[in-house]
Amino acid sequence: MEDNFLQVHSYESFGTVDGPGIRYVIFLAGCHLKCKYCQNRDTWDFRSGHSVKISELVNTILRYTSYIMPDGGVTVSGGEPLIQAYKLILLFKELKKYDIHTAIDTSRNVSNNRLYKRINRFNRSIFT
Ligand code: SF4
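About the criteria used
Residues numbered from 1 in each chain as written. Predicted model: local features only at pLDDT ≥ 70, side-chain atom pairs only at ≥ 80, totals over all residues. Helix = DSSP H or I, 4+ residues; strand = E, 2+ residues; numbered from the N terminus. Rg over C-alpha atoms; globule rule 2.2 N^0.38 Å. Buried ≥ 20, exposed ≤ 12 C-beta atoms within 10 Å, placed from the backbone. Contact = placed C-beta atoms within 7 Å. Core = buried A, V, L, I, M, F, W, Y, C linked by C-beta atoms within 7 Å. Expected span 1.5 Å × (residues − 1). Arc of directions from axis to C-beta. Pairing = 2+ DSSP bridges. Axes fitted to C-alpha atoms, helices over the stretch in contact; angles between N-to-C directions.

(A) Focus on the overall build of the protein. Counting its regular elements, the protein contains four helices and six strands. Starting at the N terminus, the α and β elements of the protein follow one another as β-β-β-α-α-β-α-β-α-β. For 128 residues, the compact-globule formula gives about 14 Å, and the C-alpha radius of gyration of the protein, at 13 Å, lands near that figure. Buried residues in the protein amount to 35% of all 128 residues. Pairs at least 24 apart in sequence give 71% of the contacts found in the protein among residues at least 6 apart.

(B) Quick look at the nonpolar core. Residues I26, L28, V74 and L91 are the most contacted members of the largest nonpolar core, which totals 22 residues. Of all the secondary structure elements, the ones that give two or more residues to this core are β1 (5-15), β2 (23-28), α1 (54-62), β4 (73-77), α3 (85-97) and β5 (101-105). At five residues, β2 tops the list of elements feeding residues into this core.

(C) Here's a closer look at the environment of L33. Among the structural elements, L33 can be located in the loop between β2 and β3 (50-53). Judged by the 10 C-beta atoms lying within 10 Å of it, L33 is exposed. What L33 contacts, discounting residues up to four positions off in sequence, is E80, S107 and N109.

(D) Region of the structure containing α3. Taking 1.5 Å as the rise per residue, α3 with 13 residues should run 18 Å; its terminal C-alpha atoms sit 19 Å apart, in good agreement. Among the residues of α3, L88, L91, F92 and L95 are the ones counted as buried. Seen along its axis, α3 keeps its buried residues to an arc of 100 degrees; they face one direction. The exposed residues of α3 that point more than 90 degrees off its buried face are Y86 and K97. Close packing links the buried residues of α3 with β1, α1, β4, β5 and α4 (113-120). Backbone geometry just after α3 places D99 at a positive phi near 60 degrees.

(E) Up close: the sheet that holds β3. Taking strand neighbours across the sheet as the criterion, the six strands line up as β3-β1-β2-β4-β5-β6 in an open arrangement whose pairing is mixed. The sheet is open, and its two edges are formed by β3 and β6 (125-127), each paired on a single side. Recorded for the sheet is a direction-independent mean angle of 35 degrees between the axes of neighbouring strands. Here β1 pairs with β2 via five bridges, running antiparallel. By the bridge assignment, S10 is partnered in β2 with F27. The strands touched by α1 are β1, β2, β3 and β4; relative to β3, the strand with the most contacts, the crossing angle is about 75 degrees. Docked against the sheet, α3 engages β1, β4 and β5, running at close to 45 degrees with respect to β1.

(F) Examining α1 more closely. Those residues of α1 that fall on the buried side of the exposure criterion are I54, L57 and I61. For α1, the buried positions fall inside an angular range of 55 degrees around the axis, keeping them on one side. Turned more than 90 degrees away from the buried face of α1, the exposed residues are E56, N59 and L62. Turning to α1, the residues buried within the fold contact β1, β2, β3, β4 and α3.

And the structure:
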């Protein structure tokens, strides 16, 4: 796989509230909405994250499959994950090869139906 990068703020390796089953949760950096009720303010600044190779991310996630499969999966949250939508598609494409369930926790502030269609070819759930 060609090396591509996601700007990742942090991870939670045993998430139980961000989708079905036990989830590996990836919090991406960057959100321009600045909601008053936001619980993840530390993710707002894109520079709060660090650049992670998608291939490395996939390798890390594969180490957790005995926890997250078959009922859980991977949730991408933030920040606003869809700011990095085209890179996310690459991640989901890889995870689909291993039949890993994926979900996105998004504000849907990025409104682009063609983008949602492309993402949903590889992703199973969108939470808002
Ligand atoms: S969209 Fe989500 S991450 Fe962004 S400010 Fe609002 S609650 Fe926080």
